[in-house]
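Take a look at the letters that make up each chain.
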Amino acid sequence: TGGSKGGRGALVVLEGLDRSGKTSQCARLLSFLKGKGYNAEGWSFPDRATSVGQMISSYLANDSQLDDRTIHLLFSANRWEKRALMESKLLSGTTLIVDRYSYSGVAFSAAKGLDIEWCKAPENGLIAPDLVIYLDVQPEKAAERGGYGDERYEKIEFQKKVAEHYHSLCDSTWKVVDGFLPMETVEERLRDLATSCIQDCQGNPLTNLAW
Ligand code: TMP
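None of the values given here were measured: they were computed from a predicted structure.

Caption draft 1: Quick peek at the environment of G9. Within the fold, G9 resides in the segment before β1 (11–16). For the pair G9 and C197, spaced 188 residues apart in the sequence, the C-alpha separation amounts to 9.7 Å. Beyond its immediate sequence surroundings of up to four residues, G9 is in contact with L90, G93, T94, T95, D130 and C201.

Here is the structure:
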């Protein structure tokens, strides 16, 4: 079936608040695609494996303090350091299912009060997703799901602000899926969205984010 025969891979991004179910849905979608014979990989940002990623990880765990703009640029640098690999994977036919991307970068930093245009600037030139799936959950209900952990941003008031900024970023590449539908329903919806995106993007060249 749908393996990419000479075509390029699709860049599919999942976004949502903390506890929106994104990470498990990414895993489910990835195993579905692989099972169908698609050439696909799962990525996530922050990529904590790099040295920039380790700085981010220690910041998120409250083990280190960084100025708001500094951490913003580190999150962005963490995407930039993966850009070349991302491009070569996509061009060689690998579809990437990515858990968080530039939209998280902008929504979380803007929620701290940073100017949104300033937040968008360093994202320009990264590869533009073919599809952004936003798993929509109300912050209060998300918090009830097994509760938040100890990471820095896992607080209801903060997540509400993040949600407002996410909504302002929504454009034509976004598909909003209700994250409180039954897990299987969400999964089904994501499968449909991703498989049509993989087919539809074939004729389109890769483009860059231009905010
Ligand atoms: P994670 O839980 O998906 O690994 O993400 C860690 C946290 O980092 C999460 O609260 C969202 C936040 N974040 C940003 O603030 N900026 C970014 O650019 C990214 C990718 C995540």
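The discussion continues.
Caption draft 2: View of the packing of aromatic side chains. Under the counting rule described, the total for this entry stands at 12 aromatic pairs. Ring centres 6.4 Å apart and planes at 70 degrees place the aromatic pair W43 and F45 in the edge-to-face group. Taking relative accessible area as the criterion, W43 reaches 10% and is therefore assigned buried. Overall, F45 belongs to the buried group, its relative accessible area being 5%. With a centroid separation of 5.1 Å and 20 degrees between ring planes, the pair formed by Y153 and F158 is classed as stacked. Judged by relative accessible area, which is 16%, F158 ranks as buried. Its guanidinium or amino end placed over the ring of F180, K141 lies 4.5 Å from that ring's centre, counting from NZ or CZ.

Caption draft 3: Structural detail: the packing of helix α2 (residues 51–60) against helix α3 (residues 68–91). Put simply, α2 and α3 touch, their axes get as near as 9 Å, and they point 140 degrees apart. Judged by the inter-axis angle, α2 sits oblique to α3. The hand of the α2/α3 crossing is left-handed. Across the interface between the two elements, V52, G53, M55, I56, Y59 and L60 of α2 pack against D68, I71, L74, F75, N78 and E81 of α3. Counted by class, the contact of α2 with α3 contains eight nonpolar, two polar and two charged residues.

Reading the values: rules and limits
- Numbering of residues starts from 1 in each chain and follows the order in which that chain's sequence is written.
- Confidence filtering applies because this is a predicted model: local features only for residues at pLDDT of at least 70, side-chain atom pairs given and counted only at 80 or more, and all residues used for totals across whole chains, interfaces and linings.
- Side-chain measures here rest on the full set of heavy atoms in the structure, leaving out hydrogens and waters.
- In this description a helix means any DSSP run of H or I spanning at least four residues, a strand means any run of E spanning at least two, and both kinds are numbered starting from the N terminus.
- By the convention used here, residues are in contact when the closest approach between their heavy atoms is within 4.5 Å.
- Pairing of aromatic rings covers Phe, Tyr and Trp, the last through its six-membered ring, and needs centres within 6.5 Å; plane angles under 30 degrees mean stacked, over 60 mean edge-to-face, and all others mean tilted.
- Whether a residue is buried, partly exposed or exposed follows from its accessible area with a 1.4 Å probe, protein chains only, as a fraction of its type maximum: under 20%, in between, or over 50%, in that order.
- As a reminder, the over-ring test applies to NZ of lysine and CZ of arginine, requiring each to be within 6 Å of the ring centre and within 35 degrees of the ring normal.
- An axis is simply a line fitted to the C-alpha atoms; with a helix, the fit covers only the stretch in contact. Between two such axes, the angle follows the N-to-C directions and lies from 0 to 180 degrees.
- For classification purposes, an angle smaller than 35 degrees is called roughly parallel, one larger than 145 roughly antiparallel, one from 65 to 115 roughly perpendicular, and anything else oblique.
- Left-handed describes a crossing in which the near helix is turned anticlockwise from the far one by less than a right angle; the clockwise case is right-handed.
- In this count, Pro and Cys sit with the nonpolar residues alongside Ala, Val, Leu, Ile, Met, Phe, Trp and Tyr, while Asp, Glu, Lys and Arg are called charged and the others, Gly among them, polar.

Any functional reading would require information that these geometric values do not contain.
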